[in-house]
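Summary of structural features
Below are the chains, spelled out letter by letter.
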Amino acid sequence: MNFEFSDEQELLRKTVRQFVDNEIIPHIAKWEEQGAFDPKIWSRLSELGLMGVCIPEKYGGSGMDYNSLAIVCEELERGDTAFRTAVSVHTGLNSMTLLQWGTEEQKQKYLEPQAKGEKIGAFGLTEPGAGSDVAAMSTVAVRDGDNYILNGQKTWISLCDAADHFIVFAYTDKSKKHHGISAFIVERTMEGFSSKAIKGKYGIKSGNTGEIFFENMKVPKENLLGEEGEGFKIAMASLDNGRFTVAAGAAGLSLACLEACVKYAKERETFGKEIGKHQLVQQMIAKMEAGLQMSRLLVYRVGELKNKGVRNTRETSLAKWQACDFANKAADDAVQIHGAYGYSDEYPVARYLRNSKAPVIYEGTREIHTIMQAEYVLGYREDKKLNRMLPKWPFEE
Ligand SMILES: Cc1cc2nc3c(=O)[nH]c(=O)nc-3n(C[C@H](O)[C@H](O)[C@H](O)COP(=O)(O)OP(=O)(O)OC[C@H]3O[C@@H](n4cnc5c(N)ncnc54)[C@H](O)[C@@H]3O)c2cc1C
């Protein structure tokens, strides 16, 4: 296992950090208040090659390895969770799914413009009655000649109003339960598609999240992703990539907490000394450092497995579960270290705390990952080889 980042990866980290420091952090308070970030950020992300970091160059991406995507996510979430979420759904949940499961035609039509940043991708699995229990979904797709007709609704969909393309899931045969779900590529411009943002979110306030609706939406049969009935398997494989990006982002949030606390602990004095000299404050800071370093080890191990083309569902689940819990705890302690000042908008830590909660819920709740890990250890669950894997890195030309 290689613990060193390449010069190219170090440069990538520096580039994203500068972008975050100069173009995100100074504006985040305003964007949170507005409930949306400036859409110009999308063109900046594509100019910097961040919309398809680990997508092969032949499909318009930067051709870097999977750990480079983790670096991007870590650095973006050091700024704000909304931007990492955007890359998670665009690249992790959508583009990487097309790379793994798409036909050559689908890759050219949908993956290439996404990797170049000309189009934005998103992912619709959750429904009002189906979150952790995916098979409880109600959306249906009925074959009608050369099309499928989709009816249903998805909720809590990141980038619901911003994305051009979505990968969505629907029953093509409800009697087959998990094996009756299929995956489709849909476009915002298809007749019968509509979206609506959810207002009043607890965190990720500058990000766009909401509902998407399909009303007799005609989807050409060429937009079926994989085979009929492969949708559940595709959804779970997509989550291996999405969760990887969420875990990497959580490491970035722990880093942001640590940076803010180290600074504050040296400025604030009580009982005649810097609060950083009080052992109970040191304990919280030491735990943040431990959480950050453990998160990174778990995340970058997963990236290595992806580079080798090895299935990593178990390792990804562990990384996502632990890194998000560490970040949530780090953010809680970061507010504590700032005392009453942490409880206001004067410092960023209250935003970190609000933002740290959604990743403990989405892409598998804390409880679902706890169950998964127990089942692996107890031998009740094992991962079989998939019929299609992500390409190994370095990519073949
Ligand atoms: C900001 C945000 C963005 C999101 N973006 C997307 C997106 O882009 N695309 C998308 O498809 N979805 C998205 N989601 C939805 C997210 O994936 C779901 O919220 C998540 O899967 C949990 O589903 P649920 O909210 O319905 O909770 P439920 O599944 O109803 O769970 C409720 C509670 O019960 C617990 N629970 C459930 N089952 C069990 C069990 N078997 N054992 C023990 N405890 C259990 C859960 O852990 C949780 O604590 C997003 C959510 C948020 C908050």
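As the structure is a computational prediction, the values presented were derived from the model and not from experiment. (Residues numbered from 1 in each chain as written. Predicted model: local features only at pLDDT ≥ 70, side-chain atom pairs only at ≥ 80, totals over all residues. Heavy atoms only, no water.)

**Observations regarding empty space enclosed by the protein**
If a probe the size of a water molecule is rolled over the atoms, the empty space left behind becomes visible. In total, this model carries two cavities of 30 Å³ or more according to the counting rule given. In this structure, the largest cavity encloses a volume near 120 Å³. Of all the secondary structure elements, the ones that give two or more residues to the lining of the largest cavity are α7 (231-267) and α8 (279-307). For the lining of the largest cavity, the element with the highest residue contribution is α7, accounting for three residues. Residue composition of the lining of the largest cavity, grouped by class: six nonpolar, four polar and three charged. Computed from the structure, the second largest cavity encloses a volume of approximately 50 Å³. Residue lining of the second largest cavity: Phe37, Ala82, Thr85, Ala86, Ser158, Leu159, Ile204, Gly207, Asn208 and Thr209, and that is the complete set. Ranked by residues supplied to the lining of the second largest cavity, first place goes to helix α5 (residues 81-101) with three residues. Considering only residue class, the lining of the second largest cavity consists of five nonpolar, five polar and no charged. Both domains that furnish three or more residues to the lining of the second largest cavity are identified here as domain 1 (7-120) and domain 2 (122-231). (1 Å grid on protein atoms, 1.4 Å probe; cavity = no way out; pocket = protein on both sides within 12 Å on 5 of 7 lines; lining within 4 Å. Points joined across faces, edges and corners; volume = space filled by probe spheres on them. Helix = DSSP H or I, 4+ residues; strand = E, 2+ residues; numbered from the N terminus. Nonpolar A, V, L, I, M, F, W, Y, C, P; charged D, E, K, R; others polar. Domains from an automatic or database assignment.)

**Section: the site of the ligand**
Not every one of the 18 residues close to the ligand is listed here, only the nearest: Thr126, Ser132, Trp156, Thr365 and Glu367. In the environment of the ligand, a nitrogen atom lies 2.7 Å from a nitrogen or oxygen atom belonging to the side chain of Thr126. Across the complex, the protein chains shield 64% of the 970 Å² of accessible surface that the ligand would expose by itself. Of all elements in the fold, only β1 (121-124), β3 (147-158), α10 (349-361) and α11 (366-378) reach the threshold of two or more residues within the shell around the ligand. The element that contributes the greatest number of residues to the shell around the ligand is β3, accounting for three residues. (Near = heavy atom within 4 Å. Polar contact = N/O pair within 3.5 Å; in protein donor to acceptor, adjacent residues only side chain to side chain. Areas by Shrake-Rupley, 256 points an atom, 1.4 Å probe, with all protein chains shown as cover.)

**Brief notes about the packing of aromatic side chains**
Tallied over the entire structure, the rule returns 11 aromatic pairs. Between Trp31 and Phe83 the ring centres are 5.9 Å apart and the planes differ by 55 degrees, which places this aromatic pair in the tilted class. One end of the pair, Trp31, is in helix α2 (residues 28-34); the other, Phe83, is in helix α5, and 52 residues separate them in sequence. Each of the two residues, Trp31 as well as Phe83, counts as buried. Measuring from centroid to centroid gives 4.9 Å for Tyr148 and Phe184, while their planes differ by 65 degrees, and the two rings are edge-to-face. Residue Tyr148 is found in strand β3, and its partner Phe184 is found in strand β5 (residues 181-187); the two are separated by 36 residues along the sequence. (Phe/Tyr/Trp six-rings, centres within 6.5 Å; stacked < 30°, edge-to-face > 60°. Buried < 20%, exposed > 50% of the residue type's maximum accessible area, 1.4 Å probe, protein only.)

**Overview of the UniProt feature "domain: Acyl-CoA dehydrogenase/oxidase C-terminal" (unreviewed entry) in the chain**
UniProt annotation of "domain: Acyl-CoA dehydrogenase/oxidase C-terminal" (unreviewed entry) refers to residues 229-375 when read in the numbering used here. The distance from the first to the last C-alpha atom of residues 229-375 is 25 Å, and the span holds 78% helix and 3% strand. (UniProt positions renumbered as here; feature names shortened; annotations may be inferred.)

**With respect to unusual backbone geometry**
In this model, Trp393 is joined to Pro394 through a cis peptide bond whose omega is 0 degrees. Take Pro394: it is sitting in the segment after α11. The phi torsion at Ile204 lies on the positive side, around 45 degrees, for a residue other than glycine. Within the element layout of this structure, Ile204 appears in the loop between β6 (193-197) and β7 (209-220). Exposure remark for Ile204: the relative accessible area of 9% places this residue in the buried category. Positive phi, close to 55 degrees, is recorded for Glu363, a residue that is not glycine.

**Regarding the pattern of salt bridges**
All told, the structure shown has 23 salt bridges when counted by the stated rule. Measuring nitrogen to oxygen at the nearest pair gives 3.1 Å for the salt bridge that ties Lys116 to Glu112. In this pair, Lys116 and Glu112 both sit in helix α6 (residues 104-116), four residues apart, roughly one turn of the helix. Assessed through its relative accessible area of 38%, Lys116 is described here as partly exposed. Among the salt bridges present, the one from Asp173 reaches Lys176, with a minimum N-O distance of 3.8 Å. Classification of Asp173 as partly exposed rests on a relative accessible area of 27%. (Salt bridge = Lys/Arg side-chain N within 4 Å of Asp/Glu carboxyl O.)

**Some details on the nonpolar core**
Ranked by internal contacts, the top residues of the largest apolar core, which has 117 residues, are Leu76, Leu150, Phe169, Phe184 and Val186. Considering each element in turn, this core owes the most residues, 19 residues, to α7. Sequence-distant contacts of Leu150, defined by excluding residues within four places in its chain, comprise Val140, Ala141, Val168, Phe184, Val186, Phe214, Glu215, Asn216, Met217 and Val219. (Core = buried A, V, L, I, M, F, W, Y, C linked by side-chain atoms within 4.5 Å. Contact = heavy atoms within 4.5 Å.)

**Structural notes on α5**
Along its 21 residues, α5 runs 28 Å from first to last C-alpha, staying within 8% of the 30 Å computed at 1.5 Å per residue. Along its length, α5 shows its largest kink, about 30 degrees, at Ser88. Counting buried residues along α5, 21 of its 21 residues qualify, which places the element largely inside the surrounding structure. The residue sitting at the N-terminus of α5 and contributing the capping side-chain oxygen is Asp80; that oxygen lies 3.0 Å from the backbone nitrogen of Ala82. (Expected span 1.5 Å × (residues − 1). Bend = angle between axes of the 7 residues up to and from the residue.)

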